[in-house]
Amino acid sequence: MKNKIDPRIPREVGENVLPMHAGVKSPWEKIVSYHDAAHYCQRYNAVLSAAIMQAFRILVPDYVERSQALCKNAYARLAMVYERIPGYTEMNRNELNMHPFMRGNFVGGLIGDAGDEKLLMCGRVNDFGTYRAEKELDICYWDIVGTELCRATTQSLQACADCAAKGAKKGPSLEYHMVEAKGAGDRHCRIVAESREKYPMPPHEQWECFGPVATADQIKFTKEEDCVSESMMFREECDYRFSNGTNTECGWESAYPMVTISHGYTYILPTLADYVRDGKLTEEQVMHALHCVCEAAGKATFLDNFSKEGLRQWLGVPHSIGAEDGRLMGSYLEMFLQCMRNPYTIEAFNEDECVYDIDAVALANRNSYGLVHCFKWFWYGITKSLVSAQWSLWEEDSAEGRLRIKIAKKIDKFC
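Counting restarts for each chain: residues are numbered from 1 in the order of the written sequence. This being a predicted model, a pLDDT of at least 70 is required before a residue's local features are given, and a value of 80 or more before pairs of side-chain atoms are given or counted; all residues contribute to the totals for chains, interfaces and linings. To obtain the side-chain values, all non-hydrogen atoms of the structure were used and water was disregarded.

Describing the overall build of the chain
Step number 1: By definition, any uninterrupted DSSP run of H or I lasting at least four residues is a helix, any uninterrupted run of E lasting at least two residues is a strand, and each is numbered from the N terminus. Counting its regular elements, the chain contains 12 helices and 12 strands.
Step number 2: Over its C-alpha atoms the chain spans a radius of gyration of 23 Å, differing by no more than 12% from the 22 Å that the globule rule assigns to 415 residues.
Step number 3: Oriented by its inertia axes, the alpha-carbon framework of the chain measures out at about 75 × 55 × 45 Å.
Step number 4: The classification of residues rests on relative accessible area computed with a 1.4 Å probe and restricted to protein chains. Under 20% of the type maximum is buried, over 50% is exposed, and intermediate values are partly exposed. Here the chain holds 415 residues, and the buried ones make up 54% of them.
Step number 5: For the chain, contacts bridging at least 24 residues in sequence account for 67% of all contacts bridging at least 6.
Step number 6: By element, 54% of the accessible surface of the chain is carried by carbon and sulfur atoms, the whole surface being about 19,700 Å².
Step number 7: In this charge count, Lys and Arg are treated as positive and Asp and Glu as negative; neither His nor the chain ends contribute. For the purpose of locating charges, the reference atoms are NZ of Lys, CZ of Arg, CG of Asp and CD of Glu. Charged side chains of the chain number 47 positive and 58 negative; the gap between the two group centres comes to 2 Å. Our radius of gyration looks at C-alpha atoms and nothing else; its globule reference is 2.2 Å times the residue count to the power 0.38. By definition, residues are in contact when any of their heavy atoms lie within 4.5 Å. All accessible-area figures derive from a Shrake-Rupley calculation using a 1.4 Å probe, and residue coverage is judged against the displayed protein chains alone.

Some remarks on the pairing of strand E3 (residues 123-128)
Step number 1: Here, strands pair whenever DSSP counts at least two bridges between them. Across 5 bridges, E3 lies against strand E4 (residues 132-137) in antiparallel orientation. Bridging from a neighbouring strand, Asp 127 pairs with Glu 134 of E4.

Concerning the packing of helix H2 (residues 63-84) against helix H7 (residues 265-277)
Step number 1: Relative to each other, H2 and H7 sit at 105°, their axes nearing to 9 Å. In this view, H2 runs roughly perpendicular relative to H7, as classed from their interaxial angle. Across from Glu 65, Ala 69, Leu 70, Asn 73, Ala 74 and Arg 77 in H2, the residues of H7 making contact are Thr 266, Tyr 267, Ile 268, Pro 270, Thr 271, Asp 274 and Tyr 275. Inter-axis angles, ranging from 0 to 180 degrees, are taken between N-to-C directions of lines fitted to C-alpha atoms, where helices are fitted over the stretch in contact. Should an angle fall under 35 degrees it is taken as roughly parallel, and over 145 as roughly antiparallel, whereas 65 to 115 is taken as roughly perpendicular and any remaining angle as oblique.

Section: the nonpolar core
Step number 1: Ranked by internal contacts, the top residues of the largest apolar core, which has 85 residues, are Leu 272, Leu 290 and Trp 379.
Step number 2: Tallying contributions element by element places helix H1 (residues 34-59) first for this core, with 13 residues.
Step number 3: The contacts of Leu 272, once residues within four sequence positions are left out, are Phe 56, Leu 59, Leu 281, Val 286, Leu 290 and Tyr 369.
Step number 4: Take the buried Ala, Val, Leu, Ile, Met, Phe, Trp, Tyr and Cys residues and link them wherever side-chain atoms come within 4.5 Å; each set so joined is a nonpolar core. Of all hydrophobic cores here, the second largest spans 29 residues; its members include Met 102, Val 107, Ala 164 and Leu 174.

Looking at helix H12 (residues 371-386)
Step number 1: Take the residue count of a helix, subtract one, and multiply by 1.5 Å to get its expected span. Helix length check: H12, at 16 residues, gives a terminal C-alpha distance of 22 Å against a target of 22 Å (1.5 Å per residue), a fit within 8%.
Step number 2: Burial within H12 is extensive, with 15 of its 16 residues counted as buried.

Here we look at the packing of helix H8 (residues 283-301) against H12
Step number 1: Their axes nearest at 6 Å, the elements H8 and H12 cross at an angle of 35°. Crossing of H8 over H12 shows right-handed handedness. Here Met 287, Leu 290, His 291, Cys 294, Glu 295, Ala 297, Gly 298, Lys 299 and Thr 301 of H8 lie close against H12, whose contacting residues are Cys 374, Trp 377, Phe 378, Tyr 380, Gly 381, Ile 382, Lys 384 and Ser 385.
Step number 2: All amino acids are sorted into three groups, where Ala, Val, Leu, Ile, Met, Phe, Trp, Tyr, Cys and Pro are nonpolar, Asp, Glu, Lys and Arg are charged, and the leftover types, Gly among them, are polar. Classifying every residue of the contact of H8 with H12 gives 9 nonpolar, 5 polar and 3 charged. Should the near helix be turned anticlockwise from the far one by less than a right angle, the crossing is left-handed, and should it be turned clockwise, the crossing is right-handed.

Observations regarding the sheet that holds strand E6 (residues 189-195)
Step number 1: Read across the open sheet, the 4 strands follow the order E3-E4-E6-E5; overall the sheet is antiparallel. A strand with exactly one partner marks an edge of an open sheet, and here the two such strands are E3 and strand E5 (174-180). Strand-to-strand, the axes of this sheet are offset by a mean angle of 15°, without reference to chain direction.
Step number 2: Sheet strands in contact with helix H4 (residues 108-118) are E3, E4 and E5, and its direction is about 175° off that of E3.

Section: unusual backbone geometry
Step number 1: With an omega of 5°, the peptide bond between Tyr 256 and Pro 257 qualifies as cis.
Step number 2: Turning to its location among the elements, Pro 257 is positioned in the loop between strand E8 (249-251) and helix H6 (258-261).
Step number 3: Residue Glu 29 is not a glycine yet carries a positive backbone phi of 75°.
Step number 4: Tracing the chain through its elements places Glu 29 in the loop between strand E1 (23-25) and strand E2 (31-33).
Step number 5: Taking the relative accessible area as the measure of exposure, Glu 29 reaches 35% and is therefore partly exposed.

Section: the sheet that holds strand E11 (residues 391-395)
In sheet architecture, strand pairing relies on hydrogen bonds along the backbone and comes in two forms, parallel and antiparallel.
Step number 1: Spatially, E9-E10-E12-E11 is the arrangement adopted by the 4 strands of the open sheet, whose pairing is antiparallel. With partners counted over all chains shown, the strands left at the sheet margins are strand E9 (344-349) and E11, one partner each. On average, adjacent strands in this sheet sit at an angle of 15° to one another, irrespective of strand direction.
Step number 2: The sheet contact formed by E11 and strand E12 (residues 402-409) spans 5 bridges and is antiparallel.

So, in structure tokens, the structure goes:
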């Protein structure tokens, strides 16, 4: 009987003989380092998030309405985390060394700064005080998703700041505002938080947390030649450790699990779930739009032959495997799942078919509405351009909590 899985060198081969290297391995022994895997997670999921945002724009054409909905959901969702998990506020304060004398929600700056670094969105804190805080980012992986998301992330930070402040004595309340955004074409992303008592501004709606601030004259702008491209945990001059002004320190290991759980779609999909719950959209409408856009985005991923050749080199695909072979898609899928630390088993990996049984609960990313389907539709589209139109990817015989994916040739007159 033919072996359904092509021969592979076991992962443990070489252990205790050659120096260990943290990374993920392709079926053909090509290793992607921990550093590159973390960055890969961020960019990969940002691309899928951008596609999902396009579906949201089709379903809700008005920019203001989308922004309002995203901001409302982002604030409520993050506040709920603090409210529903016993001791979460105190744990947060302890982890980030929020000292007892710190009063007010300016401590949210500590939360945002640490979160940025773990998401590989590097930059610097330019100001951190009771009445004003300023953070400048040089890198933002979410810059391709859309400015509606930029607004929403400001509101999730506002929620974190407001909730963290409840763990201390009452102090000044700061309003968090995004002054610049790489998603809008600015050189930096910049958050400025200000006390409206000390720095008055006309009142505005929640979604308008974007644009000029009262303390524009205090902004510290970093020149492009002085910008950084890596988080502190990956920089030699920082001793490969993140540290902040309250002496919180963490190493390179802090990139995980953050790079696997926080993405643009974790803002967009829950907001779409709100629309369905409130009867503003039907689930059929939402899923149809997501299906169409994610599939098209997948087909565009490998539209050129040079991108396919780049993937072959990245995976170490042998010349014996031709351009139209389902193992290309299978190995591509494996690398993503490994980088995301998403458990899976291989049922088949050969020239005729590839079959994977994937942990769908882990893939759902804390129950993001419809995310597993989005991945499935995205991967189907990729298969069509990476391999050929003769090949397909579909779900078949999935058990509860699992996603069983098959990659093989398939004729479908209604695809």
